[in-house]
Amino acid sequence: MFRFRLFFSYFKELVGKVVTVELKNDLAITGILHSVDQYLNIKLEDTRVVDEAKYPHMLSVKNCFIRGSVVRYVQLPPDGVDVDILHDATRREARGA
Amino acid sequence: MARGLVSVNERSEDGGPFLETVNEERIAHVQPSVGIVLGESPAEQPGTLYVTTRRLVWLSDEDVHKGYVVDFLSLTMHAISRDEDAYPQPCIYSQIDGGEDEDEEYEEDGTDDGAEEPLESENHGSVGDFSHVTEMRLVPRDASSLDHLFQVLCDCAALNPDPEGEQEGEGDWFFNEDEVMSNVIGGDRANNHVDLAELLMQDPRFEDADEEESGT
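Since we're looking at a predicted model, the values are computed, not measured. (Residues numbered from 1 in each chain as written. Chains lettered and ligands numbered in written order. Predicted model: local features only at pLDDT ≥ 70, side-chain atom pairs only at ≥ 80, totals over all residues. Heavy atoms only, no water.)

Caption draft 1: Quick look at the overall build of chain A. Within chain A one finds two helices and five strands. Seen in sequence order, chain A has helices and strands lined up from the N terminus as α-β-β-β-β-β-α. For 97 residues, the compact-globule formula gives about 13 Å, and the C-alpha radius of gyration of chain A, at 14 Å, lands near that figure. Each principal axis of the C-alpha distribution contributes one length, and for chain A these read about 45 × 25 × 20 Å. When each of the 97 residues of chain A is scored for burial, the buried share is 47%. For chain A, restricting intrachain contacts to residue pairs at least 6 apart in sequence, the fraction spanning at least 24 positions comes to 49%. (Helix = DSSP H or I, 4+ residues; strand = E, 2+ residues; numbered from the N terminus. Rg over C-alpha atoms; globule rule 2.2 N^0.38 Å. Buried < 20%, exposed > 50% of the residue type's maximum accessible area, 1.4 Å probe, protein only. Contact = heavy atoms within 4.5 Å.)

Structure below.
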C-alpha cells in the first residue's frame with residue numbers, strides 16, 4: 001500500500017477540482033473530486049459520463065463512488081499539476097520502495 | 001474475488017440473508033420497499049435491501065425463493081441517479097464487474113433472462129449466475145433515503161479493498177515522456193541517476209497521509 005501514499009496525498013490536493021476518471025472497463029466519468037481514501041476509492045460530484053452514446057443509462061448522476069481497484073487513469077486538470085514536483089516525488093517514492 | 005451478481009433462493013428464518021460468519025459479515029443497513037433493476041430488465045419489486053459489510057443483498061418480499069447478491073468486490077461504482085432521462089425514478093445506479101470467468105457454460109432455457117446453470121453455493125442451496133449483468137439500479141420507494149443509502153454503500157465498499165497480492169498493474173514507474181513513448185520496461189534508467197540530494201524536496205503536499213483519514 002506504500003505507493004498509494006503518494007497518490008493519496010496528491011489527490012487530496014485536487015479535491016474540488018474537475019477530474020476525469022477512466023475505469024478499466026473503458027468507462028470515463030468527469031466530475032468534481034469530492035474525496036479520495038487510502039485505497040484510492042474516488043468520490044465525484046456532479047458527474048457526467050464522457051461518452052454518453054456508449055453508456056446512455058448513466059447520463060448524469062449526482063454523487064458517484066468509484067472503486068479504486070478499477071481505476072485505470074485519472075486525468076488531472078492542467079492547472080492542478082506541478083509536473084516537476086510530481087516527478088521528483090515519484091522518483092523519491094520509487095527509490096524508497 | 002469478484003463474482004459478479006448471483007441469485008439466491010434461500011434466506012434465514014428471520015427473513016433476512018444468511019450471513020457469512022467466517023468473515024464476520026454484519027448487516028449495516030436494511031432498506032424496505034426497494035425495487036431492483038438488472039440491466040435492461042423491468043424493475044422487480046417489492047423487495048428489501050440488506051447492505052452488509054461484505055455484500056449487497058436484495059430479497060423479494062413476494063417470493064421467498066427470489067433474491068440477488070453482489071459482493072462489494074464486484075461493485076465497481078455506484079451513484080445517485082436523479083436524471084429522469086436515464087431512469088424515471090431517483091435511484092442508486094451501479095456497475096458490476098462479473099469477474100474474469102466469461103467462458104462458463106451458458107444454456108438458454110428460455111424461462112428467464114439468461115440465468116445460467118445453477119451452481120452449488122457454500123451452504124445455502126443453489127444459486128444462479130448473473131455475472132453477465134453489468135448494470136443495476138436500486139429504486140427505493142422513499143427517494144429521500146437515497147443520500148443515506150449512497151453513503152452506506154460508500155462506507156461498506158471501503159471495508160472491502162482488494163486482497164493484497166491480487167492487484168494487477170503494479171508495474172514499473174515511468175519517469176518521463178520519452179520512457180513512456182519508447183515503452184521501456186525495466187530498461188536502462190541511467191539517464192535518471194542524478195544526484196539524489198538535488199532531487200529531494202521537502203514538499204508538505206507529499207507528507208504521509210494521516211492514519212485517521214477514512215475518506216468518507
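After presenting the structure, the write-up continues.
Caption draft 2: Representation of the overall build of chain B within the structure. Across its full length, chain B carries three helices and 10 strands. Helices and strands appear in chain B in the N-to-C order β-β-β-β-β-β-β-β-β-β-α-α-α. Within chain B, the proportion of its 216 residues that are buried is 43%. Only carbon and sulfur atoms are counted for the fraction: they give 46% of the accessible area of chain B, which is about 12,400 Å². (Areas by Shrake-Rupley, 256 points an atom, 1.4 Å probe, with all protein chains shown as cover.)

Caption draft 3: Local environment of a nonpolar patch on the surface. Residue and element names in this part refer to chain B. A contiguous nonpolar patch, built from Leu19, Ile27 and Val30 and spanning about 200 Å² of accessible area, is present on the exposed surface. With respect to the element layout, Leu19 can be found in the loop between β1 (5-8) and β2 (27-38). Owing to a relative accessible area of 31%, Leu19 belongs among the partly exposed residues under this scheme. (Patch = residues over 30% accessible without salt bridge, like charges linked within 9 Å, V, L, I, M, F, W, Y side chains within 5 Å. Salt bridge = Lys/Arg side-chain N within 4 Å of Asp/Glu carboxyl O.)

Caption draft 4: Quick look at the pattern of salt bridges. For the structure on display, the rule yields eight salt bridges over all chains. Residue A:Asp46 pairs with A:Lys62 through a salt bridge whose shortest N-O separation is 3.0 Å. Here A:Asp46 is found in strand β3 (residues 42-49), whereas its partner A:Lys62 is found in strand β4 (residues 60-66), with 16 residues between them in sequence. Since its relative accessible area comes to 42%, A:Asp46 is described here as partly exposed. With a shortest N-O distance of 2.6 Å, A:Arg67 and B:Asp162 are connected by a salt bridge. Here B:Asp162 lies in the loop between α1 (146-158) and α2 (177-182) and A:Arg67 lies in the loop between β4 and β5 (71-75), a pairing that spans two chains. Residue classification places A:Arg67 among the buried positions, given a relative accessible area of 2%. The network of salt bridges with common partners includes A:Glu22, A:Asp26 and A:Arg72.

Caption draft 5: Fine view of α1(B). With 13 residues, α1(B) should reach 18 Å at 1.5 Å per residue; the first-to-last C-alpha distance of 18 Å fits that figure. Residues of α1(B) that are buried: B:Leu146, B:Leu149, B:Phe150, B:Val152, B:Leu153, B:Cys154, B:Cys156, B:Ala157 and B:Ala158. (Expected span 1.5 Å × (residues − 1).)

Caption draft 6: How the structure looks around the nonpolar core. Grouped together as the largest cluster of nonpolar side chains are 28 residues, with contacts concentrated most on B:Leu5, B:Val51, B:Leu56 and B:Met136. Only β2, β3 (44-52), β4 (55-60), β5 (67-71), β6 (75-81), β7 (91-96), β10 (135-140) and α1 of chain B provide two or more residues apiece to this core. The greatest single-element share of this core, amounting to eight residues, is contributed by α1(B). One finds A:Leu40, A:Tyr55, A:Met58 and A:Val61 within the second-largest nonpolar core, a separate group that totals 27 residues. (Core = buried A, V, L, I, M, F, W, Y, C linked by side-chain atoms within 4.5 Å.)

Caption draft 7: Looking closely at the pairing of β5(B). All names here are of chain B. Most of β5 is tucked away, with five of its five residues classed as buried. Neither face of β5 is left uncovered, since the one carrying Gly67, Val69 and Asp71 and the one carrying Tyr68 and Val70 both have all their residues buried. Two elements, β1 and β5, share four bridges in a ladder whose sense is antiparallel. Across the sheet, residue Ser7 finds its bridge partner in β5, namely Tyr68. As judged from the five bridges shared by β4 and β5, these two strands associate in the antiparallel manner. Its bridge partner being in β5, Val57 is matched across the sheet by Val69. The turn linking β4 back onto β5 is made up of six residues. (Pairing = 2+ DSSP bridges.)

Caption draft 8: Highlighting the environment of A:Lys12. Residues and elements named next belong to chain A. Counting through the fold element by element, Lys12 comes out in helix α1 (residues 2-13). By relative accessible area, Lys12 is classed as partly exposed at 28%. Sequence separation between Lys12 and Leu33 is 21 residues; the distance between their C-alpha atoms is 8.9 Å.

Fair warning: the whole summary comes from geometry, so function is off the table for now.
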